[in-house]
Amino acid sequence: MTQTIKHAAAGKVMTLDEIEAFCRQARAAGASGADSPKVRITFGGQLRSMEITVDGGRAVKDGAQ
């Protein structure tokens, strides 16, 4: 089953606690430490949101399923 994990900043940019919550949820869904999430950043380079797609315990690369 494919699952997309998405987290966005509660304020203007993501905090370390929000990043940690994203990582915990992604790993619980089966993502590994070698998988790369897609991110959105501000013009100043700060993190705004993160997303990763996990398929049956493996992260999906480049949208391929």
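Residues numbered from 1 in each chain as written. Predicted model: local features only at pLDDT ≥ 70, side-chain atom pairs only at ≥ 80, totals over all residues. Heavy atoms only, no water.

1. Considerations on the overall build of the chain
Going by this rule: Strands are runs of DSSP state E lasting at least 2 residues, helices are runs of H or I lasting at least 4, and numbering of each runs from the N terminus. Here's how the labels work: a residue is buried when its accessible area is under 20% of the maximum for its type, exposed when over 50%, partly exposed in between, all with a 1.4 Å probe on protein chains only. Contact between two residues is taken to exist if any of their heavy atoms lie within 4.5 Å; hydrogens are not considered. Values of accessible area rely on a 1.4 Å probe in the Shrake-Rupley scheme; residue burial ignores everything except the protein chains shown.
Looking only at helices and strands, one finds one helix and four strands in the chain. Scanning the chain from its N terminus toward the C terminus, one meets helices and strands in the order β-α-β-β-β. Looking at the chain as a whole, 28% of its 65 residues qualify as buried. Looking at the chain alone, contacts between residues at least 24 apart form 57% of all its contacts between residues at least 6 apart. Surface accessibility of the chain: about 4,700 Å² in total, with carbon and sulfur atoms responsible for 51%.

2. Digging into the confidence of the model for the chain
Rule in force here: A residue's pLDDT is simply how confident the predictor is in it, with values from 0 to 100.
On average, residues of the chain score 89 in pLDDT, and 85% of them reach the 70 mark or higher. When mean pLDDT is taken per element in the chain, strand E2 (residues 38–41) scores highest with 97 and strand E4 (residues 58–59) scores lowest with 62.

3. Side note on the pattern of salt bridges
To keep things clear, this is the line we draw: By convention in these notes, a salt bridge is any Lys or Arg side-chain nitrogen within 4 Å of a carboxyl oxygen on Asp or Glu.
A complete count under the given rule lists one salt bridge for this structure. Among the ionic pairs, Arg24 bridges to Glu20, the shortest N-O distance being 3.8 Å. Note that Arg24 and Glu20 are positioned in helix H1 (residues 16–28) at a spacing of four residues, about one turn of the helix. Its relative accessible area of 53% is what places Arg24 among the exposed residues.

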